[in-house]
Amino acid sequence: MEKLLLTGFQAFGNWRVNPTEEVASKLASCDIGSWSVSSVILPVTFSHCWPKLLAELQSCDYSAVVMLGLAGSRNLITPEATARNWVESVGRPDNLGEEMPAGPILMPGEDLPSTFGAEKMVAAMKQRGIGAEISHDAGSFVCNYLSYQLLKYLAGEGRGGFIHLPPTREMRPDSIWKQSKLIEAVELCIGQIELSGL
């Protein structure tokens, strides 16, 4: 089996928990389709998230990386079609209190497409009755920053991309989502990633 790295984030801001942390931890050491899954939980900080992920990538020969993040205002599971070469977090500090002024993440650089088959993931979730849609805007906070760094690093040579998850009903009273359904959805998404060709 090929190795896949699944990442989650720690809690941040006013959220006391982050559902991505539990999803990544629950699916660690699982075999899903053709993939043997490992996981790492990342800090919600601009200065530390990418170095920690990069160190993990350099320690093992992963063929795919699926990053998870919380989108507190969304109601659907949203695989990201692209990572934007843009960061802006003035007024929204990370967990170290750092704010990033508006500007490109890397110069020069263009927005980068995900390479893990986002459309196929959404189709599979919809077929199972799981609320999902493609997103074309990963925001400008740590999630998008990390996604861009990863896709730049992969340079089209590996499978990679970012999936935003909505809050659970314990986190936001109007949410329809149970943690178990988020785990099911991410497991289904991983199963859609092809070993060769997209």
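See above for the structure.
Criteria and cut-off values
Residues numbered from 1 in each chain as written. Predicted model: local features only at pLDDT ≥ 70, side-chain atom pairs only at ≥ 80, totals over all residues. Heavy atoms only, no water. Pairing = 2+ DSSP bridges. Helix = DSSP H or I, 4+ residues; strand = E, 2+ residues; numbered from the N terminus. 1 Å grid on protein atoms, 1.4 Å probe; cavity = no way out; pocket = protein on both sides within 12 Å on 5 of 7 lines; lining within 4 Å. Points joined across faces, edges and corners; volume = space filled by probe spheres on them. Nonpolar A, V, L, I, M, F, W, Y, C, P; charged D, E, K, R; others polar. Phe/Tyr/Trp six-rings, centres within 6.5 Å; stacked < 30°, edge-to-face > 60°. Buried < 20%, exposed > 50% of the residue type's maximum accessible area, 1.4 Å probe, protein only.

## Overview of the sheet that holds strand β2 (residues 31-32)
Note on sheets: strands pair through backbone hydrogen bonds, and any given pair is parallel or antiparallel. Here we have six strands laid out as an open sheet, ordered β2-β3-β1-β4-β8-β5, and mixed in their pairing. Bordering the open sheet on either side are β2 and β5 (78-79), each of which pairs with just one other strand. Note: β5 against strand β8 (residues 159-165), two bridges, orientation antiparallel. Across the sheet, residue Pro 79 finds its bridge partner in β8, namely Ile 163.

## Comments concerning the layout of surface pockets
Put simply, the largest pocket is a space of about 440 Å³. In terms of lining, the largest pocket is formed by 21 residues, of which the most central are Phe 12, Leu 70, Gly 72, Arg 92 and Phe 141. Residues that form the lining of the largest pocket fall into these classes: nine nonpolar, eight polar and four charged.

## Considering the packing of aromatic side chains
With the rule as written, the count across this model stands at four aromatic pairs. Relative to Phe 141, the ring of Phe 12 lies with its centre 6.2 Å away and its plane at 40°, an arrangement referred to as tilted. You can see Phe 12 sitting in the loop between β1 (2-9) and α1 (19-27) and its partner Phe 141 sitting in the loop between α3 (118-127) and α4 (142-154), a full 129 residues away along the chain. Of the residues examined, Phe 12 reaches a relative accessible area of 17% and is grouped as buried. For Phe 141, a relative accessible area of 13% corresponds to the buried category. Centroid distance Phe 46 to Tyr 145: 5.4 Å. Interplanar angle 80°. Geometry classified as edge-to-face. Of this pair, Phe 46 sits in the loop between β3 (35-42) and α2 (49-59) while Tyr 145 is found in helix α4, placing the two residues 99 residues apart along the sequence.

## Some words on the pairing of strand β4 (residues 64-70)
Along β4, seven of the seven residues are buried, which leaves the element largely enclosed by surrounding structure. With four bridges connecting them, β1 and β4 associate as parallel partners. The residue bridging Leu 6 from the neighbouring strand is Val 66, located in β4.

Spatial relationships are all this shows, so hold off on functional conclusions.
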